[in-house]
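Spelled out, the chains give:
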Amino acid sequence: MKRFRRHGHETQRERLKQELYHFNKTVEHGFPHQPSALGFSPSLQLLAIGTRSGAIKLYGAPGVEFMGLHDENATVTQVHFLPHQVELVTLLDDNSLHMWTLRAHHGVSELLEIGRFTLTGPPGAPPSVTRVTAVLAHSSGELLLLGTEGGHVFVVEVPGFRELEERNISLENVTSSVPEDYVGRRSLEHVESLQENPLNPQQVLLGYGRGLMVVWDLEKQCAVQHIPATQQLESVWWTEDGGHVLSSHSDGSYCRWTVGGEDTEEEEDKSDTPYGHFPCKAISKIIQLPTEQGPPFLLFSGGMPRASYGDRHCISVIHNKTHVALDFTSRIIDYFVIRDGPRHTGDPSALVVLVEEELVVVDLQTEGWPVIQTPYLVPLHCSAITCSHHASAIPLKLWERLQAAGQLQNTHYSQKPWPITGGQNLAPDSPQRDLLLTGHEDGTVRFWDASGVCLYPMYKLSTAGVFHTDADPNDNMNQGSEGEWPPFRKVGCFDPYSDDPRLGIQKIHLCKYSGYLAVAGTAGQILVLELNDEEAEQTVEAKVADLLQGQEGFRWKGHTRLDVKEEPVLFPAGFQPCCLVQCQPPAVVTALTLHSDWRLLAFGTSHGFGLHDYQQRNIVLVRCTLNPSDQLAMEGPLSRVKSIKKSLRQSFRRIRRSRVSLRKHHVNHASKVQEANARLEAELAEMELAPVQRKIEARSSDDSFTGLVRTLYFADTFLSDSSHSTPSLWAGTNGGSVFAYMLRLPPTERRTEDPVTAHPAKEIQLMHRAPVVGLAVLDGRGSPLPEPLEVAHDLARSPDMQGTHHLLVVSEEQFKVFSLPKVSAKMKLKLTATDGSRVRRVGVAWFVSSQSEDYGESGLVVLTNQGDLQVVSLPGLKVQVRYPCVRREDVSGIASCVFTKHGQGFYLISPSEFERFSLSARCVVEPRSLVELPSSSSSSSSPPQPRVQPDGASAEHRNSRRNSDDPESAARRIMEHALLNDESVLQEIQKSLEGDHTTFLENNVKSSLSGEKLLSNGD
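My aim in this report is to walk through the structure given alongside it, one point at a time.

Calculation notes
- Residues numbered from 1 in each chain as written.
- Predicted model: local features only at pLDDT ≥ 70, side-chain atom pairs only at ≥ 80, totals over all residues.
- Heavy atoms only, no water.
- Helix = DSSP H or I, 4+ residues; strand = E, 2+ residues; numbered from the N terminus.
- Buried < 20%, exposed > 50% of the residue type's maximum accessible area, 1.4 Å probe, protein only.
- Contact = heavy atoms within 4.5 Å.
- Areas by Shrake-Rupley, 256 points an atom, 1.4 Å probe, with all protein chains shown as cover.
- Pairing = 2+ DSSP bridges.
- Axes fitted to C-alpha atoms, helices over the stretch in contact; angles between N-to-C directions.
- Core = buried A, V, L, I, M, F, W, Y, C linked by side-chain atoms within 4.5 Å.
- Expected span 1.5 Å × (residues − 1).
- Arc of directions from axis to C-beta.
- Polar contact = N/O pair within 3.5 Å; in protein donor to acceptor, adjacent residues only side chain to side chain.
- Phe/Tyr/Trp six-rings, centres within 6.5 Å; stacked < 30°, edge-to-face > 60°.
- Lys NZ or Arg CZ within 6 Å of the ring centre and 35° of its normal.

Digging into the overall build of the protein chain
- When helices and strands are tallied, the protein chain shows 15 helices and 62 strands.
- Taken across its 1019 residues, the protein chain has 53% of its residues classed as buried.
- Long-range pairs, those at least 24 residues apart, make up 58% of the contacts in the protein chain between residues at least 6 apart in sequence.
- Of the roughly 46,100 Å² that the protein chain leaves accessible, carbon and sulfur atoms contribute 49%.

Okay, structure coming up:
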């Protein structure tokens, strides 16, 4: 009977776990790492970005996001949307083509791969014959034209990827119609560009690398006109009136050619090298777009003078008398222009540029062409991220004050709305306001709205103004000087260079109730800042905390302290410093916490920890935690790297000398070899003296610093006896020590006059001496104590001060609970002993049931060095769930993880991207979007309209294409229709799908409607 009851209880618990916990990787925030291709659909209003890792990401209106990943780990080199359809084609650098579609499922669109294709040449042909260099998605929506390295153009039917051999354009067909004197000199080289005539979709312009351009008639299968340019061709643009072609070349020039009428070999109408007669870089892409009133817009990338500005990444925009060279922060991948009007054929409204490190959108209709702030794809890594901090459920007043301060920083942005508006965002509004704070190498802290799918920038705080740095205040790179040529204008915010590496932010703590913020940096600086709605001029006074306390035998070999400005500094509205603490030695701050109710700040480094009263602005406590063996803690990060490099270099030089001597002397060869081996072993033994170099599985790199402070914690609990609670400070170190101090706070009316005092109360030394990474006090109900001021704002229930309190100590190897005030061990959960993993990140979260808002449980969220996530129950210390999350090799990703209070988390998957995940079955933030084909594009009876770049023409052209097919093609379609409606044939196809899905796809079977159903069944 007992066993039966236990089994029933376990079943009920398992059901409850399913209601509380569910693991999902939900959305990727930030900018894609190493982008390689850009595409845009004017009809869908969707942007597509391909990356070097084979990812394809689609973005529309804010919150509309899709992601796909190619099976092949290959670079996406081109992305093309099929005109007026929800399909797109990607080309990878392994020469494979992939078809993707947005298909609705349960009311939400999904990005699915529905086919793949690779061109196959004749037997024995070199790979260059079929290596694709240019792709044109024809306006009919039924054809892809593929230009190759060998100069051929293949015509492929989509979406089924069936090659139409009878319509291919071979190099021989082209060269036979070209004048002898042009062809005779050298080959035409590869197909560089394919462009469709905006007014006649039967005509296509073939641009060859050598410079020749040929207007080819797809219906008549012949060349209509030749344009014999002599310079190496980079790109081609067919103007909207159909009467001219612009070609850009490798020498920095562009040419304008007249097309139409009889074949002509006249010289170009206009040739221009925009930036002078000296050698210039290639113009890689050129676009010309008309305006309703006035001259057209001309845009081109590159063309800069090679010697003077060859390292600049520029797009030049010329309109009327305005000429600007937009100077970007990194290499340009691609760009396109968004146009006004219901059919997107009006005046140019925005220039969208994808560069290697960010996406920049320029407003072309506002004077001065300002930048439009991006609601997504923001470069998180504009300066390298060094730490992060999450704050949940931000009060509305603080939120509005942050927004107001941020808006004052954004006055240089355009006021126009975001121009990419595709899809519908169906995700529900977030029930609360969440902030993600990121610290950066240049001393800035950035505040992000992390409530929903888009990580939106709200406010930026800079701490560099407090200190003297090497930056020149007169150095303004944003604007070029008057009369400068080329007329540069700096755009983009990516700036990875730091004026002083000591400014780097290492720890952040925000009190959302009081509006106080504490940030700590690389050179031992800790700033306490208060939110102010007005700008203010003030002097920041620094307090020095001597963590060595005069101990002899220690000498700091690292960097010096930052010099504080003695004169008053004007701080803008937002967070402004109210006090500054500088640690001595100026080592990296490794732990930080703030108690805004008590007005106390605790900080720790590799040498000890201190307590600062930021109301009275004095140091309350300093405790040195150094051991005599901690000499490495005195070197600082830079000197330690140098010393290791120096010792390695010296060791290998001695080894090399011993080997040279062996070659010179052949006498007693065997004994000399043994001697060299012994010397080598001795050198290696010397190198192994540094504990830093132990295996990463065994210990983290910080384990040589046994005195390094890993965690700090304030608690109002029982330290002296079980009847009177008292404020306390707890500190955990890398050597497994826990220090507890009793704090005596003066009464409220005497708080500004009487000093705060701290007295040592308890000290715990863990037997296994593993680093202490987390501390928490559990109240009489077994719940973690609430945050400061949380109860006062009615956002948490008061802690139970009647029952026994317990101290939870989380080390890298185990969880241990001690009863207070006696500090006697009560229970523990071993982690390393059971599965060999170590705790790297830990946080306390509240999990609410997905079935009922009234039920919830608190638990410890743990990330291990194996990349696994675990939830441990409180106070029982039972592992509830375990999920793999991060690759164990991704050490930086594991180190960057930050947890939220409601079971979510973030970690860096690249220097520029956060992966968001959820462990909660209830709190999930993920994109839910629907993309539908505009009804106007699918049924159109209007006359043919000019082509929209880069989408195609109207539906009437597609109908005319079908009607103009030859009888053989019509007969083939009738046969296909008959085969696909024959049940026996369908069964055979079904069997082949089940047997080899991939082979069937690669054999180019036409994906008609019924064929697509079969493919989905085969999956």
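Looking at the sheet that holds strand β48 (residues 726-733)
- In spatial order, the strands read β47-β48-β49-β50; together these four strands make up an open sheet with antiparallel pairing. The open sheet has two edge strands, β47 (709-717) and β50 (757-765), and neither has a second partner. Neighbour to neighbour, the strand axes of the sheet diverge by 20° on average, direction disregarded.
- Pairing analysis gives five bridges linking β48 to strand β49 (residues 737-744), with the strands arranged antiparallel. Residue pairing for β49: Trp730 is matched across the bridge by Ala740.

Observations regarding the nonpolar core
- The biggest cluster of nonpolar side chains holds 35 residues, and the ones touching the most others in it are Val317, Phe328 and Leu351.
- Taken together, the elements giving at least two residues each to this core come down to β22 (283-289), β23 (297-302), β24 (313-319), β25 (322-328), β26 (332-339), β27 (348-355) and β28 (358-363).
- Look past the residues within four positions of Phe328 in its chain and what remains in contact with it is His313, Ile315, Val353, Val355, Val360 and Val491.
- Core analysis: the second largest hydrophobic core is formed by 34 residues, Leu402, Leu435, Leu527 and Val569 among them.

Overview of helix α5 (residues 396-409)
- In this model, α5 (14 residues) spans 20 Å end to end at C-alpha, consistent with the 20 Å of a helix rising 1.5 Å per residue.
- Three or more residues of α5 are buried, namely Leu398, Trp399, Leu402, Ala405 and Gly406. Down the axis of α5, the sector holding all buried residues measures 130°, keeping them to one side. In α5, the exposed residues that point more than 90 degrees away from the buried face are Lys397, Gln407 and Leu408.
- The inward-facing, buried residues of α5 abut β32 (435-440), β33 (444-449), β34 (456-462), β38 (525-532) and β42 (574-584).

Some details on the side chain of His29
- Looking at where His29 falls in the secondary structure, it is placed in strand β1 (residues 21-30).
- Given a relative accessible area of 2%, His29 falls into the buried group.
- Within the structure, the side chain of His29 is placed 3.1 Å from the backbone oxygen of Val453, a separation counted as a polar contact.
- Contacts of His29, omitting those with residues within four sequence positions, involve Leu380, Gly452, Val453, Cys454, Leu455, Phe906, Ser912, Glu913, Phe914 and Arg916.

Things to note about the side chain of Glu913
- The topology assignment puts Glu913 in strand β61 (residues 913-920).
- Once residues lying within four places of it in the same chain are set aside, the contact partners of Glu913 are Glu28, His29, Phe31, Pro32, His33, Lys57, Leu380, Tyr907 and Leu908.

Notes on the environment of His759
- Its location among the elements puts His759 in strand β50.
- Look at His759 and you get partly exposed, because its relative accessible area is 35%.
- Note: C-alpha distance between His759 and Met742 (17 residues apart in sequence) is 5.2 Å.
- Not counting residues up to four positions away in its chain, the partners in contact with His759 are Ala740, Tyr741, Met742 and Arg744.
- Reaching out from His759, the side chain makes a polar contact with the side chain of Thr757 at a distance of 3.4 Å.

Brief notes about the sheet that holds strand β14 (residues 191-196)
- Spatially, four strands are ordered β14-β15-β16-β17 in an open sheet, and the strand pairing comes out antiparallel. Looking at which strands have only one partner, the edges of the open sheet turn out to be β14 and β17 (222-228). Looking at each pair of strands side by side, their axes are set apart by 20° on average, direction ignored.
- Summarising the sheet, β14 and strand β15 (residues 203-208) pair through five bridges and their orientation is antiparallel. Note that in β15 the partner of Gln195 across the bridge is Leu205.

Observations concerning the packing of aromatic side chains
- Summed over all chains, the structure comprises 22 aromatic pairs.
- An angle of 50° between the planes, with centres 5.1 Å apart, marks the rings of Tyr516 and Tyr614 as tilted. Pair noted here: Tyr516 is in strand β37 (residues 516-521) and Tyr614 is in the loop between β45 (608-613) and β46 (618-624), with a separation of 98 residues, a long-range link. Neither Tyr516 nor Tyr614 differs from the other in exposure class; each is buried.
- Ring geometry for Phe609 and Phe739: centres 6.1 Å apart, planes at 40°, overall tilted. Placement of the pair is Phe609 in strand β45 and Phe739 in strand β49, with a sequence separation of 130 residues. An identical accessibility class is assigned to Phe609 and Phe739; each is buried.
- Here the aromatic residues Phe23, Tyr883, Phe899, Tyr907 and Phe917 are joined through ring pairs into a cluster of three or more.
- The lysine or arginine in question, Lys285, covers the ring of Tyr335, its NZ or CZ lying 4.9 Å from the ring centre.

Brief notes about the pairing of β38
- The element β38 is extensively covered by neighbouring structure, given that six of its eight residues are classed as buried.
- Bridge analysis of β37 against β38 gives five bridges, and the strand direction is antiparallel. Counted as the bridge partner of Val519 is Leu527 from β38.
- What sits between β37 and β38 in their antiparallel hairpin is a turn of three residues, with Gly524 showing a positive phi close to 75°.
- Direction of pairing for β38 relative to β42: antiparallel, over a ladder of eight bridges. What sits directly across from Asn532, in β42, is Gly574.

Just distances and angles here, no functional claims.
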